[in-house]
Amino acid sequence: MSEQPPTPAPAPAPMPAGAPEPEPIRWFGTSWLNRDDGYWLRRVAVSAGSLVAAVAVVLVLRFGVEGIALSDNGTFLNALLTAAIAVCSMMSVRRTWKVLTEGKDRLTGWMAEDKSLGAVWLIGGAGSLLAYFARSLVEAPGEALHRASYERAVAQYEKRRASRSGRPAAKAPGRTKRKR
């Protein structure tokens, strides 16, 4: 028996000029579109990485809270600090989830504040990382948003292309009417 080399997978059809291209997502590039090129391995790595980072942030916050507890300032201060961390984490979870599902441009009110609430987002970093972890279990974080945007762009492109099928030369982009 002679061994034949495996046949390569067919190359994707070349995109016509002017066709929309998918927007890359951090860590995934454009592999989210067809879920190829190590997409699943990247999803596992992103999930594990965000969980490990969240654990590290929680440990750092725990050391901070324990440092305050060692100073013997009383239980009220310890409870206040713990409540502040919990509230900041919940705010970060809500904001991160909304960014990943609806997009940053849809943020309103206190969620849209980047500069003035920077300390809140920093303290609530563990919550943000946990939201990222939870979203990465479902899909590449932000994938649904990018997929919807890409599908809208493709539909608009196909609509424009179909409307030119009657007299393509007369409706070609960049073609101007002749002056008489």
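Everything numeric in this text was worked out from a predicted model, so none of it was measured. (Residues numbered from 1 in each chain as written. Predicted model: local features only at pLDDT ≥ 70, side-chain atom pairs only at ≥ 80, totals over all residues. Heavy atoms only, no water.)

Colleague: Lay out unusual backbone geometry in plain terms, naming residues and giving numbers.
Modeller: Most of the time, phi is negative for any residue but glycine, and the peptide bond is trans. Even without a glycine there, the phi angle at tryptophan 27 is positive, about 75 degrees. In this structure, tryptophan 27 sits in the segment before helix 1 (39-70). A positive phi is found at aspartate 37, a non-glycine position, where the angle reads about 55 degrees. On the accessibility criterion, aspartate 37 (60% relative accessible area) is exposed. (Helix = DSSP H or I, 4+ residues; strand = E, 2+ residues; numbered from the N terminus. Buried < 20%, exposed > 50% of the residue type's maximum accessible area, 1.4 Å probe, protein only.)

Colleague: I'd like a rundown of the pattern of salt bridges, residues and numbers included.
Modeller: Counted under the stated rule, the structure contains eight salt bridges. In this structure, arginine 62 and glutamate 66 form a salt bridge, with 3.0 Å as the shortest nitrogen-oxygen distance. Linking arginine 62 with glutamate 66, this pair stays in helix 1, spanning four residues, or about one helical turn. Arginine 62 sits in the partly exposed class, given a relative accessible area of 48%. According to the relative accessible area criterion, glutamate 66 is partly exposed, its value standing at 34%. Arginine 135 is the salt-bridge partner of glutamate 139, the closest N and O atoms lying 2.7 Å from each other. Accessibility expressed as a relative area gives 7% for glutamate 139, which makes it buried. (Salt bridge = Lys/Arg side-chain N within 4 Å of Asp/Glu carboxyl O.)

Colleague: So, a nonpolar patch on the surface: which residues are in play, and what are the values?
Modeller: On the surface, Leu51, Val55, Leu59, Phe63 and Leu130 cluster together into a nonpolar patch covering about 430 Å² of accessible area. When residues of the nonpolar patch are assigned to their parent elements, the largest contribution, four residues, is made by helix 1. By the element assignment, leucine 130 lies in helix 4 (residues 125-138). (Patch = residues over 30% accessible without salt bridge, like charges linked within 9 Å, V, L, I, M, F, W, Y side chains within 5 Å. Areas by Shrake-Rupley, 256 points an atom, 1.4 Å probe, with all protein chains shown as cover.)

Colleague: Pulling in residues and values, what's your account of the confidence of the model for the protein?
Modeller: Averaged over all residues, the pLDDT of the protein is 84; the fraction at 70 or higher stands at 82%. When mean pLDDT is taken per element in the protein, helix 4 scores highest with 94 and helix 6 (residues 168-171) scores lowest with 55. (pLDDT = per-residue confidence, 0-100.)

Colleague: Can you break down the packing of aromatic side chains residue by residue, with the values?
Modeller: Per the counting criterion, the structure on display carries four aromatic pairs. The interplanar angle of 50 degrees and the centroid separation of 5.7 Å between the aromatic rings of phenylalanine 28 and tyrosine 39 together place this pair among those described as tilted. Note that phenylalanine 28 is positioned in the segment before helix 1 and tyrosine 39 in helix 1, a separation of 11 residues in sequence. The residues phenylalanine 28 and tyrosine 39 share a single accessibility class, namely buried. Pairing tryptophan 110 with tryptophan 121 gives two aromatic rings, centres 6.0 Å apart and planes at 35 degrees, and the pair type is tilted. (Phe/Tyr/Trp six-rings, centres within 6.5 Å; stacked < 30°, edge-to-face > 60°.)

Colleague: So what about the packing of helix 2 (residues 75-102) against helix 4? Which residues, and what values?
Modeller: Following both chains from N to C, one finds helix 2 and helix 4 inclined at 35 degrees, their axes separated by 7 Å at the closest point. The element helix 2 and its partner helix 4 pack so that their crossing is right-handed. Here Ser89, Ser92, Val93, Thr96, Trp97, Leu100 and Thr101 of helix 2 come into contact with helix 4, specifically with Gly125, Gly127, Ser128, Ala131, Tyr132, Ala134 and Arg135. For the contact of helix 2 with helix 4, a count of residues per class yields six nonpolar, seven polar and one charged. (Axes fitted to C-alpha atoms, helices over the stretch in contact; angles between N-to-C directions. Left-handed = near helix turned anticlockwise from the far one by under 90°. Contact = heavy atoms within 4.5 Å. Nonpolar A, V, L, I, M, F, W, Y, C, P; charged D, E, K, R; others polar.)

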